[in-house]
Amino acid sequence: MLVSRNLISKFLNINDKEDEELIKILTSMGVEVNGIKNLTNTSGEALVIGEITEISKMTGSDHLNLCTVYDGSEYYNIICGAPNARKGIKVILAKVGSVLGNIKINAREMFGHKSNGMLCSLVELGIDENLLSKKEASGIHEVQGDIKLGEDAVKALSLDDKILDIEIASNRPDLMGVLGLARYLNLKVDEKFNEIEDFNFKEEGNLKDLLGLEVNSNKVKYYLLKGVKDIKLAESPYEIKSYL
């Protein structure tokens, strides 16, 4: 099971625990940890939120665009071949000097135009392609929400995280979720546990009448059934998607 360290911290403060100490605690509690790694492969402080303010096709290329990208203080010319690059979207801008894995971003010239950086997909930041939708994996990341231009992209998008690879024994289904794992860890980490806020549902009507339910056995001592209606299907908030 892959678990976000940041998500565990939502329930239990483990910020003062180094990775090795955290692994040691879990191991002593019978939880096997195969490893821990950074969510992204980025380094440096030149990865920021930008916005494409202008875009035009590049003469001599059938897929490259010349984008003007604004980071809240400066404009940058960036050459980009992503199919979803378009005016008005917020993007992850890797300025000159950024490091993605073992690649350092430098200024380069193509078709007579200079590119002063790179617009990034999450794959280029080191996130496993298998964890992303086909659309997300094939183009640059489109930043959603009210994130300000110029902010550190890794922090603003909750990508400054580490992922624990944990082996859960078949007889411990209570640990097959972050909430249960954090609650179990609380036995050794003496910090206040932050419970999930209760959901308050307004109860109305009789579900038995609605479904025409009948229990035709005197062996059933207790039967409980609840229904939920008026559910709206919508895109999950970015914070939830980032943990998944």
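Residues numbered from 1 in each chain as written. Predicted model: local features only at pLDDT ≥ 70, side-chain atom pairs only at ≥ 80, totals over all residues. Heavy atoms only, no water.

Undergrad: Which parts of the structure should I look at to understand the pairing of strand 6 (residues 75-80)?
TA: The two faces of the sheet receive side chains in turn, since in a regular strand these alternate between them. Where strand 5 (residues 65-70) lies against strand 6, six bridges are found, and the strand directions are antiparallel. Pairing of Tyr-70 across the sheet is with Tyr-75, part of strand 6. The hairpin turn running from strand 5 into strand 6, its antiparallel successor, is four residues long, and Gly-72 in that turn takes a positive phi close to 100°. (Pairing = 2+ DSSP bridges. Helix = DSSP H or I, 4+ residues; strand = E, 2+ residues; numbered from the N terminus.)

Undergrad: I'm lost on the nonpolar core in this one. Help?
TA: One broad rule of soluble globular proteins: the nonpolar side chains tend to lie buried together. Within the largest apolar cluster, 24 residues are counted, with the highest numbers of intra-cluster contacts made by Val-3, Ile-8, Leu-26, Leu-164, Ile-166 and Leu-185. Counting only elements with at least two residues in this core, the list comes to helix 1 (5-11), helix 2 (19-28), strand 13 (162-167) and helix 5 (178-185). Take this core: its biggest share by element is five residues, from helix 5. Setting aside residues up to four positions removed in sequence, Leu-26 forms contacts with Val-31, Val-33, Ile-166, Leu-181 and Leu-185. Ranked by size, the runner-up nonpolar core spans 19 residues in total, among them Leu-47, Ile-49, Ile-147 and Val-154. (Core = buried A, V, L, I, M, F, W, Y, C linked by side-chain atoms within 4.5 Å. Buried < 20%, exposed > 50% of the residue type's maximum accessible area, 1.4 Å probe, protein only. Contact = heavy atoms within 4.5 Å.)

Undergrad: What exactly am I supposed to notice about the sheet that holds strand 13 here?
TA: Strand pairs in the sheet, formed through backbone hydrogen bonds, run parallel or antiparallel to each other. Spatially, the three strands line up as an open sheet ordered 1-13-2, and their pairing is antiparallel. Edge positions in the sheet fall to strand 1 (2-4) and strand 2 (32-38), since each of these pairs with one other strand and no more. Strand-to-strand twist across the sheet, computed as the mean angle between neighbouring axes with direction ignored, equals 25°. Sitting on the sheet, helix 2 touches strand 2 and strand 13, and the angle it makes with strand 2 is about 160°. (Axes fitted to C-alpha atoms, helices over the stretch in contact; angles between N-to-C directions.)

Any functional reading would require information beyond the geometric quantities listed.
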